[in-house]
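Chains, contacts and geometry: an overview
Below are the chains, spelled out letter by letter.
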Amino acid sequence: MSDQTSRNDATEVSAEFGYKPELKRTLGSFQVFAVSFAFISVVVGIFGTYGMLLNNSGPVGIWTWLIALAGQLLVALVIAQFAARIPLSGSSYQWASRLANPRVGWIFGWLTFCYLVTGLMAIDFAMASQCLMPLFNMAPDEQTARVITVVVLLVQAALAIASTRLVGLINSLAVGVEVTIVIVLVIALLVAVAVTGDGSVSNLGSRGVAVDSANYFAFGGGLMAVMIVGLATLVGFESAANMAEEAKDPHRTVPRAIVGSVAAAGILGMLFLIGLTVAIDDIAKVTASGSPVATIMRDQLGAPTERILLVVIAIAFFGGGLVSMTSCARIVFAMSRDRRFPAHRLMKQVSPRTQTPIPATVLPLVIGIIAMIAIPGDALIELITAGTLFPAITYGLVVTLDLVVRKRLDRRTGAFDLGRFELPVAVVALVWTVCAIVILVSPTDATVPVIIVGGLILLGSVYFAFMLVFRREVLDTEPGHDVFGGTDERPREHPAAEDVDI
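Residues numbered from 1 in each chain as written. Predicted model: local features only at pLDDT ≥ 70, side-chain atom pairs only at ≥ 80, totals over all residues. Heavy atoms only, no water.

**Some thoughts on the overall build of the chain**
Of regular secondary structure, the chain possesses 21 helices and two strands. For the chain, the C-alpha atoms occupy an extent of roughly 70 × 45 × 45 Å along the three principal directions. In the chain, which comprises 502 residues, the share counted as buried stands at 59%. Within the chain, residue pairs in contact and separated by at least 24 positions form 80% of the contacts whose partners lie at least 6 positions apart. Within the structure as shown, the chain displays about 19100 Å² of accessible surface, and the carbon and sulfur contribution to it stands at 66%. Within the chain, the 37 negative side-chain charges are centred at a point lying 7 Å from the centre of the 33 positive side-chain charges. (Helix = DSSP H or I, 4+ residues; strand = E, 2+ residues; numbered from the N terminus. Buried < 20%, exposed > 50% of the residue type's maximum accessible area, 1.4 Å probe, protein only. Contact = heavy atoms within 4.5 Å. Areas by Shrake-Rupley, 256 points an atom, 1.4 Å probe, with all protein chains shown as cover. Lys, Arg positive; Asp, Glu negative; His and termini not counted. Charge placed at Lys NZ, Arg CZ, Asp CG, Glu CD.)

In structure tokens, the structure reads:
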């Protein structure tokens, strides 16, 4: 697509929805895919949760990944339909605002903001403590990890501010490296097992150290708990939708990126889990190690391979954090230009030189720095853990929205569409999201994260109440486009007949 065509596309799409185009369309189809894939990052997710899987269910728990993959793929299909119809920064915030009403949209937006901020801190803190410090042979130290996290946040913010094109290139590189190395490692592990005999295919059915667990099949027990491996990893695929105003041909590229990233990450992750599990020589020893993935690599392929793995994981971590920060900035920008976010006059500003929302990008940086300085160790970990609940809740709300308004959605020629499969896909996806939320809150140690999520929602409710009392008009109007037919570049009021309460 030529630059002139890209500019025309940007103007047409933005004008259709009542906005002046301010962001630059620089992301091609692979770069849009890389945005979603980098957020998911199977290497990062499996590296961080494989030890928990071995402890709670044993190696056989890897097969729960397929259940999570199927469920998340259904959610991705529903989200892809929205992305094809309303390709705007803010994704679910925009969809709910325009298809239900601005009040419902604000709820979606706040949940997404909380999810992205906590996700950013989770990714960068884990990168510092679990990857960079071991890579450079640094002794475990929480304060050092916090300092490294702040440095990483600063670098990511600088890149996100400098250029969306640069963000796309970095993510594309990170995804290329991750995919290539994972495939090479899986093959190398299986070859090593075949040559040395250290490892066994029987591991794929072993309960390992959990074989005598009395609560193995109980509600919230070992087998149920390991579902978090897939649930915590196969998320963030909607990030491509959050960058829609910077994507070329967004009606097509964004939906493909959303669905394609989940499918690709799901397949790659399953292969990686199988390769790791078959390569375990001593299940008890690997389970007891602080980093099972690194231990397996070292045992089968030697210490140099472990170092290579840490480098790849660092690249994947960095790419995921960069996408989280950029996506968070876009949700802040989208809500602010509609005057629905604190300090909206500042947060909606876009640099004419870089064509990026600088204040909106600085906000998650500042929040991350404050968290690293002010929040005690245990509380910080609980805050990060709470972030796994937000995407599940948001996905459930998006699927519910689809079920409520689907009969009144327009159909765009050439755009992604489930057609007659939309209803069954949405119904099963809703059942899945409810199950996912139940799974995430079922462990006894999930109480504090649930309280934190409730607290962040309550904090948002305070600002929402402020708008209802003092700035009610911002929740009664919507810029420009009516998805049920008609275009008006002036703010319009939502007729009561079109309001949908979810």
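**Side note on the pattern of salt bridges**
For the structure shown, the criterion picks out nine salt bridges. A salt bridge links Arg146 to Glu142, with the nearest nitrogen and oxygen atoms 2.8 Å apart. Linking Arg146 with Glu142, this pair stays in helix 7 (residues 142–162), spanning four residues, or about one helical turn. Accessibility expressed as a relative area gives 37% for Glu142, which makes it partly exposed. Between Glu306 and Arg298 there is a salt bridge, with the nearest N and O atoms lying 3.0 Å from each other. For Glu306, a relative accessible area of 15% corresponds to the buried category. Overall, Arg298 belongs to the partly exposed group, its relative accessible area being 36%. (Salt bridge = Lys/Arg side-chain N within 4 Å of Asp/Glu carboxyl O.)

**Digging into the confidence of the model for the chain**
Residues with a pLDDT of 70 or more make up 90% of the chain, whose mean pLDDT is 87. Least confident of the elements in the chain is strand 2 (residues 487–493), whose mean pLDDT is 40; most confident is helix 16 (residues 344–347), at 96. Taken together, the stretch residues 1–8 has pLDDT below 50 and engages in five contacts with residues farther than four places along the chain or on a different chain. Within the model, pLDDT remains below 50 along residues 481–502, and this stretch shows 62 contacts once partners closer than five positions in the same chain are excluded. (pLDDT = per-residue confidence, 0-100.)

**Let's talk about helix 19 (residues 389–405)**
Look at helix 19: 25 Å from first C-alpha to last across 17 residues, which is about the 24 Å you get at 1.5 Å a residue. Counting buried residues in helix 19 gives 12 out of 17 residues, a clear majority hidden from the surface. Considered for burial, the residues of helix 19 that qualify are Leu389, Phe390, Pro391, Ala392, Thr394, Tyr395, Gly396, Val398, Val399, Leu401, Asp402 and Val405. (Expected span 1.5 Å × (residues − 1).)

**Description of the packing of aromatic side chains**
Enumeration over the complete set of coordinates arrives at 13 aromatic pairs. Aromatic pair Phe237 and Tyr395: ring centres 5.0 Å apart, planes at 25 degrees, arrangement stacked. With Phe237 in the loop between helix 10 (228–233) and helix 11 (239–242) and Tyr395 in helix 19, the pair connects residues that are 158 residues apart, well separated along the chain. Each member of the pair Phe237 and Tyr395 is classed as buried. Aromatic rings pair up to connect Trp106, Trp110, Phe113, Phe341 and Phe464 into one cluster. Above the plane of the ring of Tyr216 lies Arg207, whose end atom (NZ or CZ) is 3.9 Å from the centre. When the ring centre of Tyr19 is taken as reference, the NZ or CZ atom of Arg337 above it lies at 3.7 Å. (Phe/Tyr/Trp six-rings, centres within 6.5 Å; stacked < 30°, edge-to-face > 60°. Lys NZ or Arg CZ within 6 Å of the ring centre and 35° of its normal.)

**Description of helix 14 (residues 292–301)**
Most of helix 14 sits out of view: seven of its 10 residues are buried. Those residues of helix 14 lying buried are Pro292, Val293, Ala294, Thr295, Ile296, Met297 and Gln300. In this structure, the buried side of helix 14 is in contact with helix 3 (42–56), helix 8 (164–196), helix 12 (250–278), helix 13 (283–288) and helix 15 (303–337). Looking one or two residues past helix 14, Gly302 carries a phi angle of roughly 95 degrees, positive in sign.

**What to know about the packing of helix 7 against helix 17 (residues 358–374)**
One way to put it is that helix 7 packs onto helix 17 with a least axis distance of 10 Å and a crossing angle of 180 degrees. Relative to helix 17, helix 7 is oriented roughly antiparallel. Together, Arg146, Thr149, Val150, Leu153, Leu154, Ala157, Ala160 and Ile161 of helix 7 and Ile358, Thr361, Val362, Leu365, Gly368, Ile369, Ala371, Met372 and Ile373 of helix 17 make up the contact between the two elements. Along the lines of polarity and charge, the residues of the contact of helix 7 with helix 17 split into 13 nonpolar, three polar and one charged. (Axes fitted to C-alpha atoms, helices over the stretch in contact; angles between N-to-C directions. Parallel < 35°, antiparallel > 145°, perpendicular 65-115°, else oblique. Nonpolar A, V, L, I, M, F, W, Y, C, P; charged D, E, K, R; others polar.)

**Considering the environment of Ile187**
Along the chain, Ile187 falls in helix 8. Sequence spacing of Ile187 and Arg420 is 233 residues, and the spatial spacing of their C-alpha atoms is 40 Å.

**Topic: the nonpolar core**
For soluble globular proteins, the rule of thumb is that nonpolar side chains tend to be buried together. Among the nonpolar cores identified, the biggest contains 151 residues, and Tyr50 and Trp95 are the most heavily contacted of them. Per-element accounting of this core gives the leading share, 20 residues, to helix 6 (residues 102–135). Trp95 has contacts with Ile79, Phe82, Ala83, Ile86, Ala100, Ala241, Val398 and Leu401, leaving out every residue within four places of it along the chain. If you look at the next biggest cluster of nonpolar residues, it comprises five residues, including Leu120, Ala157, Met325 and Leu365. (Core = buried A, V, L, I, M, F, W, Y, C linked by side-chain atoms within 4.5 Å.)

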